[in-house]
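Here is what each chain is made of, one letter per residue.
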Amino acid sequence: MAKLIQRKLMDNLIGGLDKKFISILVGPRQVGKTTLLKMLIQEIEKKGYGKIIYLNLDDINIRTRLSQDPVELRREIERRMGEPLVRIKEKLFLIVDEAQKVPSIFEQVKIIHDDFSEKVKIFLSGSSSMDIQRNVSETLAGRVRIYRMTGLSLGEILKDAGFLSSPRGIVKDIVSGNFSIFKAKKLQSQIWPHRDSINIFTEKLLLFGSLPGVYIQSEEEERWFILRDYISIYLEKDIRSLSQIGNLDQFQRVYSSLMFQNGGMLNINNIASDLNMSRDTVRKYIDIMHSSFLIYKIRSFSRKLKTRLTKAFKLYFFDQGIVNHTLRLTSIEALKSAQKLGTAAETLVLNEVTSEVFNLPLPLEICYLRDYQGHELDFVLKGEKDSIIEVTTSQKIGKDKWRNLNYFKQYFKEVNIFIVGNFEEFRQIEKEGKTLFIVPIWLWF
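Residues numbered from 1 in each chain as written. Predicted model: local features only at pLDDT ≥ 70, side-chain atom pairs only at ≥ 80, totals over all residues. Heavy atoms only, no water.

Draft legend 1. Here's a closer look at the packing of aromatic side chains. In the structure shown here, the tally under the stated rule is 17 aromatic pairs. Between Y407 and F408 the ring centres are 5.1 Å apart and the planes differ by 85 degrees, which places this aromatic pair in the edge-to-face class. Assessed through its relative accessible area of 25%, Y407 is described here as partly exposed. Measuring from ring centre to ring centre gives 6.3 Å for F426 and F437, while their planes differ by 10 degrees; the resulting arrangement is stacked. Linking F426 in the loop between β11 (415-421) and β12 (427-431) with F437 in strand β13 (residues 434-440), this pair joins segments that are 11 residues apart in sequence. Among the residues examined, F437 registers a relative accessible area of 6% and is labelled buried. The side chain of K297 reaches across the aromatic face of F313, ending 4.9 Å from its centre. Positioned above the aromatic ring of F301 is the side chain of K382, whose terminal nitrogen or guanidinium carbon lies 5.4 Å from the ring centre. (Phe/Tyr/Trp six-rings, centres within 6.5 Å; stacked < 30°, edge-to-face > 60°. Buried < 20%, exposed > 50% of the residue type's maximum accessible area, 1.4 Å probe, protein only. Helix = DSSP H or I, 4+ residues; strand = E, 2+ residues; numbered from the N terminus. Lys NZ or Arg CZ within 6 Å of the ring centre and 35° of its normal.)

Right, here's the structure in full:
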């Protein structure tokens, strides 16, 4: 049996078991959505909450039947229940995995929810934001709660290793506006004896990414095989199935080009020119990658600043392992030599933030800040109280970091500043009228 790792989202799903909304779980391929749903099933069975029907629309037989006649969804439920829905007395949990593969069933899902929400709790999952959002807006508006799943966080890995009782750490407090120096120091004391092991975990994330199937492998060669197959399956199976792709070869060329721009500014004009494609075609393919959760597009921070700011998006792939495999960067030394270690560290920091931000009741906007003179802040969390996150691979704060912080400080009345890097311990420092929190990367979760 495959190793099961406790995920932070489990608490969200369990907390919604008695709520009448339809729970929708979205995220990239192979981040563990199906595994999480199966763990949820185990939890429901263990606590005796009710009956469960699980349908995986990756199954061609089920998908074909439902595609031919969406009403077959209700018939399938009633066959498995052994009675009509109108007669059920026990709570029923209906779980439909990869629901976006049969868009026509969403109307039936709405009917079942509207008629039987007292007795039927529905969970849907999907790997395409574009398809899910379209069906939600057209059919299920006002009836859903969407949860977004990412790859493994460092906290989930440390919980799995037995170093923590909870996979959540200081990042949740930061994004929710409840950061506490006391809690940060307490957490550091708790895991201090495990620093060497945690640093090994962080190096593994920097090199192989955060896909659970990669993480659980003990052999390095097998990890690269899984990443190779992931890329192949994504391009050949998932993307080919999208009717709006058009030319798959063109899509692959855009995809490969973006790998070299990971962590940098997204310049559609340059890509289109280099690949001899139209801007609209390049933009369409980037939107598809974004909607299927393969990339993050980070918006430029804006607040009527009296300086000329870069407005383009920054682009990050959701998984560093995919980038490293494509670029053939197979060691930390290779990342350093290619000057990609900093981007890998930024991706790790960003993934920890997104794993919390996406599922807040009032999500923050993740931005960056850069002007045409070269001043830059890696990430700005735009909320009631802004937070600046600077990432470094050094053991000290470089002059460029101080220069950038000093340059932009006039635009923030109240802000928390976090410098995440290869530091030995968490500490708070005061410098040039600013309070900074120095966070070792092994504590960033």
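Draft legend 2. Structural context of the sheet that holds β13. Overall, mixed pairing links the 8 strands, which are arranged β7-β6-β8-β9-β10-β11-β13-β12 in an open sheet. Each of the sheet's edge strands pairs with one partner strand only, and the pair in question is β7 (314-317) and β12. In this sheet, neighbouring strand axes are inclined to one another by 30 degrees on average, regardless of whether the strands run parallel or antiparallel. Alignment of strand β6 (residues 295-300) against strand β8 (residues 365-370), held across 2 bridges, turns out to be parallel. In the sheet register, R299 faces β8, and the bridge partner there is C367. Contacting β8, β9 (376-382), β10 (386-391), β11, β12 and β13, helix α19 (residues 399-408) crosses the sheet at an angle of about 50 degrees to β9. (Pairing = 2+ DSSP bridges. Axes fitted to C-alpha atoms, helices over the stretch in contact; angles between N-to-C directions. Contact = heavy atoms within 4.5 Å.)

Draft legend 3. Focus on the packing of helix α10 (residues 195-208) against helix α16 (residues 320-327). Relative orientation of the contacting elements α10 and α16 amounts to 55 degrees, with a least axis distance of 6 Å. Looking at the two axes, α10 sits oblique to α16. When α10 is examined against α16, the residues L205, L206, L207 and F208 are found in contact with a partner set consisting of Q320, G321 and N324. Residue composition of the contact of α10 with α16, grouped by class: 4 nonpolar, 3 polar and no charged. (Parallel < 35°, antiparallel > 145°, perpendicular 65-115°, else oblique. Nonpolar A, V, L, I, M, F, W, Y, C, P; charged D, E, K, R; others polar.)

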